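An overview of the molecular structure
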Amino acid sequence: MDTVLFDMFGVIARTQSAESRAALERTSGLAPEVFWGSYWGERQAYDRGDMYGPAYWRAVGRGAGTQFDDRAVAELVELDLASWSRVDEEMVSLVRGLSQAGVRLGLLSNIPFEIADLFETEHARVLDLFPVLGLSCRIGHAKPEAEAFGWCLEGLDVEPGRVLFVDDSERNVAAARELGLGGHHFTSAEGLRKELSERGITAD
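Just so it is clear, the model here is predicted, and its values are computed rather than measured.

**So, the overall build of the chain**
Each helix and strand counted, the chain has 12 helices and five strands in total. Relative to the compact-globule value of 17 Å for 204 residues, the chain shows a C-alpha radius of gyration of 17 Å, a close match. Counting only C-alpha atoms and orienting by the principal axes, one finds that the chain spans roughly 55 × 30 × 30 Å. Here the chain holds 204 residues, and the buried ones make up 51% of them. Taking as baseline every contact in the chain between residues at least 6 positions apart, the subset at least 24 positions apart corresponds to 70%. Computed over 20 positive and 34 negative side-chain charges, the inter-centroid distance for the chain is 2 Å.

Shown next as structure tokens:
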């Protein structure tokens, strides 16, 4: 095993903070359980690039039994963008070390157009660490779809068994394992370092 395929959010970039989640809930005017049920229920299509932000938020509203006006849609797009904008510098450093050591790297991230645009502009130094960059909205497939993994494997030009897939979602790790990849359920940088070491993958 000589290749590592990373998830982004929850691994290299941070997930939504409690404050950002609360701001989205307030702006929606919905009960949290209703809001998040519709938010995640519509997210796969948004991440896959089937729609842009305004259409996504109108779908979220419909799914929750309401209708967001144009002002609310615009605010929700911006709040959502800000909620996914932070990177984890410890993990960026770890990935950079792997890159400098010559480890083959790829990224497979469920990410919609607006957030992809943000990362390509403001966090290019992070994305540039990955020769194979599978951003779901750009490739038309999102985890846990097999085609998303297939796209990355083709770009990496390696057999699945040579790849360790790292994700904070157990569902996505299970999907990768079903396709023959190794899988690591990410909970901490320390845990990942241990896993990499055990598999003989070291960083500079």
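There is more to say after this.
**A look at the nonpolar core**
One finds F6, I12, W57 and F119 to be the most contacted residues of the largest nonpolar core, which totals 54 residues. Formed by 15 residues, the second largest nonpolar core is a distinct cluster that contains L5, V132, C152 and F165.

**Some points on the sheet that holds strand 3 (residues 132-135)**
What the five strands build is an open sheet, ordered 3-2-1-4-5; its pairing is parallel. Edge strands, defined here as strands with exactly one partner in the open sheet, are strand 3 and strand 5 (182-185). Within the sheet, the average angular offset between the axes of one strand and its neighbour, ignoring direction, is 20°. Pairing between strand 1 (residues 3-6) and strand 4 (residues 163-167): four bridges, direction parallel. Within the sheet, the bridge partner assigned to F6 lies in strand 4 and is V166. Along the sheet face, helix 12 (residues 189-198) touches strand 1, strand 4 and strand 5 and points at about 155° away from the line of strand 5.

**Here we look at the environment of E170**
With respect to the element layout, E170 can be found in helix 11 (residues 170-178). The exposure class of E170 is exposed, given its relative accessible area of 56%. Between the alpha carbons of E170 and L181 there is a distance of 14 Å; along the sequence they are 11 residues apart.

**What about the packing of aromatic side chains?**
This structure, assessed with the given rule, holds 16 aromatic pairs. Both rings, one in F9 and one in W84, keep their centres 5.3 Å apart while their planes meet at 70°; by these two values the pair is edge-to-face. Linking F9 in the loop between strand 1 and helix 1 (18-28) with W84 in the loop between helix 5 (70-83) and helix 6 (89-100), this pair joins segments that are 75 residues apart in sequence. A centroid spacing of 4.8 Å and a plane angle of 65° characterise the contact between W36 and Y39, whose relative ring orientation is edge-to-face. You can see W36 and its partner Y39 sitting in helix 2 (residues 32-41), three residues apart, about one turn around the helix. For W36, a relative accessible area of 9% gives the class buried. On the basis of relative accessibility, which here comes to 0%, the residue Y39 falls in the buried class. Counting every residue linked through ring pairs, the aromatic cluster contains F9, F35, W36, Y39, W40, Y46, Y56, W57, F68, W84 and F119. Positioned above the aromatic ring of W36 is the side chain of R21, whose terminal nitrogen or guanidinium carbon lies 4.1 Å from the ring centre.

**So, the pattern of salt bridges**
In the structure shown here, the tally under the stated rule is 14 salt bridges. In this structure, the salt-bridge partner of E145 is R48, at a minimum N-O distance of 2.7 Å. Of the two residues, E145 is situated in the loop between helix 9 (136-139) and helix 10 (146-156) and R48 in helix 3 (residues 43-48); the sequence distance between them amounts to 97 residues. For E89, the salt bridge goes to R125, with nearest N and O atoms at 2.5 Å. Pair noted here: E89 is in helix 6 and R125 is in helix 8 (residues 124-127), with a separation of 36 residues, a long-range link. For E89, a relative accessible area of 43% gives the class partly exposed.

About the criteria used
Residue positions are counted from 1 within each chain, in the order its sequence is given. Only residues with pLDDT of at least 70 get local features here, since the model is predicted, and only at 80 or more are side-chain atom pairs given and counted; chain-wide, interface and lining totals rely on the full set of residues. Here the side-chain values reflect all heavy atoms present in the structure, with hydrogen atoms and water set aside. The secondary structure listing takes helices from DSSP runs of H or I that are at least 4 residues long and strands from runs of E that are at least 2 residues long, numbered from the N terminus. When we talk radius of gyration, it's over C-alpha atoms, and the globule rule is simply 2.2 Å times the number of residues to the 0.38. For the exposure calls, accessible area comes from a 1.4 Å probe over protein chains only, and a residue counts as buried if that area is under 20% of its type's maximum, exposed if over 50%, partly exposed in between. Between two residues, a contact is recorded if the distance between any of their heavy atoms is within 4.5 Å. Positive charges come from Lys and Arg, negative ones from Asp and Glu, while His and the chain ends are left out of the count. Every charge is mapped onto a representative atom, which is NZ of Lys, CZ of Arg, CG of Asp or CD of Glu. Put simply, buried Ala, Val, Leu, Ile, Met, Phe, Trp, Tyr and Cys residues joined by side-chain atoms within 4.5 Å make one nonpolar core. In this analysis, strands are considered paired if DSSP registers two or more bridges between them. Fitting a line to C-alpha atoms yields each axis, with helices limited to the stretch in contact; the angle taken between N-to-C directions then spans 0 to 180 degrees. Only Phe, Tyr and Trp rings take part, Trp by its six-membered ring, and two of them pair if their centres are within 6.5 Å. Stacked means planes under 30 degrees apart, edge-to-face means over 60, and tilted covers everything else. Any Lys NZ or Arg CZ found within 6 Å of a ring centre and within 35 degrees of that ring's normal is scored as a charge over the ring. Salt bridges are defined by distance alone: a side-chain nitrogen of Lys or Arg within 4 Å of a carboxyl oxygen of Asp or Glu.

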